Structures are given as C-alpha cells and as structure tokens.
Amino acid sequence: MSAEIDRPVDVARLLVSQGVSLKRAHAFLQRIAAGDTVAAQMWSEDSGALVARFSDLGIEAVELRIPDVSPKEIRTRMNLSQADFATAFGFELDTVQNWDQGRNRPDASARILLAIIARHPSIVEAVLAERDDTGVEPH
C-alpha cells in the first residue's frame, strides 16, 4: 500500500523546521509514501497546532506523551516491597530505591514500562516469564 503525498516539499520543510535533518525528513517521506507509520520525536510549544499543520498537508499525526508516573505509588498500590517490585519486574533494587528516595527519576523508557505495570502488570509478568498469554499478537 502506498500513500500519495500532495505537498512533499512542504512536509519536508515542516519536519526540518521541527529539528529533523533533511536526510531524515527524506527517509520519513519515503516511508510515508510506502504506507508505513513513522514515529518522529519533535518538541512544540503547541502540539495541537503542530498536529493541525501536518493534517493540513495530508499527513495524519498523533501526539504521543511519555507518561508521568510515580514508581513508589505504583509499588505501594501493588503492596510490594522494593525488593519484590524489583524482582517481579526486572529492575535493579538500587534503581527502585533511588526512585523511591527521589535521587533519580525514571527515564522515558522506564516511565512507559512503569505505566504498563500500573495498568496491566500481568502483561509484563507474562513477557518476563516468556509466556504467550499477553493477548498481544506477535509481529
């Protein structure tokens, strides 16, 4: 499946104006034209306006936000000690302790994983146990 991009130069200009290199913008355009979904990290004061600008150019854009989570609140709600939480979900005990004490903040990947743990711990447990009962179809 391929998608026709009406104004590829304008799309490339918009991507470049958001900090994407011209080479990478070109690669994005090729992937979009091939019908692929493309993820790009961009910062904007007004993300709604940026999504609208892409939409005006015929590109469906969706804002994705990294969740803001509290590892300590998640762990406490699950009624797990620091050691049990670390063991259950594959974290280093020192890392969990540092999060709880506010010495460190989880990076973006860890915050995404923590949000999944908060909502669907069984999925993470199944992945860690190498079971195929996640309800998610493999690619």
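Keep in mind that what you see is a predicted model, and the values were worked out from it rather than measured. (Residues numbered from 1 in each chain as written. Predicted model: local features only at pLDDT ≥ 70, side-chain atom pairs only at ≥ 80, totals over all residues. Heavy atoms only, no water.)

Q: What is the right way to read the nonpolar core from this model?
A: Soluble globular proteins: nonpolar side chains tend toward being buried together. Ranked by internal contacts, the top residues of the largest apolar core, which has 14 residues, are Val11, Leu15 and Phe54. Mapped by element, the contributors of at least two residues to this core are α1 (8-17), α2 (22-33) and α3 (47-56). If you look at the next biggest cluster of nonpolar residues, it comprises 13 residues, including Ile74, Phe91, Ala110 and Ala115. (Core = buried A, V, L, I, M, F, W, Y, C linked by side-chain atoms within 4.5 Å. Buried < 20%, exposed > 50% of the residue type's maximum accessible area, 1.4 Å probe, protein only. Helix = DSSP H or I, 4+ residues; strand = E, 2+ residues; numbered from the N terminus.)

Q: What exactly am I supposed to notice about the pattern of salt bridges here?
A: One side chain can pair with another of opposite charge once the charged atoms of both are near each other. Counted by the stated rule, this structure contains six salt bridges. Residue aspartate 10 is joined to arginine 7 by a salt bridge in which the shortest nitrogen-to-oxygen separation is 2.8 Å. Its relative accessible area of 26% is what places aspartate 10 among the partly exposed residues. If you follow the salt bridges from partner to partner, you end up with Arg7, Asp10 and Arg13 in one network. (Salt bridge = Lys/Arg side-chain N within 4 Å of Asp/Glu carboxyl O.)

Q: It is not clear to me how the packing of aromatic side chains should be interpreted in this structure. Could you clarify?
A: For any pair of aromatic rings, geometry is given as the distance between the ring centres together with the angle between the planes. What the rule picks out here adds up to three aromatic pairs. What links up through ring pairs into an aromatic cluster is the set Phe85, Phe89, Phe91 and Trp99. (Phe/Tyr/Trp six-rings, centres within 6.5 Å; stacked < 30°, edge-to-face > 60°.)

Q: So what exactly am I meant to see when it comes to the environment of alanine 25 here?
A: For alanine 25, the location among the structural elements is in helix α2. Overall, the relative accessible area of 0% leaves alanine 25 in the buried class. In this structure the C-alpha to C-alpha distance between alanine 25 and leucine 15, which are ten residues apart in sequence, comes to 6.1 Å. With residues up to four places along the chain from it excluded, the contact list for alanine 25 reads Ala12, Leu15, Val16 and Val20. (Contact = heavy atoms within 4.5 Å.)

Q: Before we go on, may I ask you to explain the layout of surface pockets in this structure?
A: Empty space among the atoms becomes apparent when a probe as large as a water molecule is rolled across them. In this structure, the largest pocket spans a volume of roughly 1200 Å³. Only α1, α2 and α3 provide two or more residues apiece to the lining of the largest pocket. Ranked by residues supplied to the lining of the largest pocket, first place goes to α3 with four residues. Classifying every residue of the lining of the largest pocket by side-chain character gives 20 nonpolar, six polar and five charged. (1 Å grid on protein atoms, 1.4 Å probe; cavity = no way out; pocket = protein on both sides within 12 Å on 5 of 7 lines; lining within 4 Å. Points joined across faces, edges and corners; volume = space filled by probe spheres on them. Nonpolar A, V, L, I, M, F, W, Y, C, P; charged D, E, K, R; others polar.)

Q: Teacher, can you tell me more about the packing of helix α5 (residues 82-89) against helix α6 (residues 93-101) here?
A: Each packed pair of helices is defined by two parameters, the angle between the axes and the distance between the axes. The geometry of α5 relative to α6 is characterised by a closest axis approach of 9 Å and an angle of 125° between their N-to-C directions. The angle between α5 and α6 places the two elements in the oblique class. Between α5 and α6 lies a crossing whose hand is right-handed. From α5, Gln82, Ala83, Phe85 and Ala86 reach across to α6, where they touch Leu93, Val96, Gln97 and Asp100. Of the residues assigned to the contact of α5 with α6, the class counts are five nonpolar, two polar and one charged. (Axes fitted to C-alpha atoms, helices over the stretch in contact; angles between N-to-C directions. Parallel < 35°, antiparallel > 145°, perpendicular 65-115°, else oblique. Left-handed = near helix turned anticlockwise from the far one by under 90°.)

Q: What should I look at first to understand α6 in this one?
A: Since the α-helix turns once every 3.6 residues, residues separated by three or four places project in the same direction. Listing the buried residues of α6 in full gives Val96, Trp99 and Asp100. One side of α6 holds all its buried residues, which, seen down the axis, span an arc of 95°. Exposed positions of α6 whose direction lies more than 90 degrees from the buried face are Asp94 and Gln101. Buried residues along α6 sit in contact with α4 (71-77), α5 and α7 (108-119). Positive phi appears at glycine 102, one or two residues downstream of α6, with a value of about 75°. (Arc of directions from axis to C-beta.)

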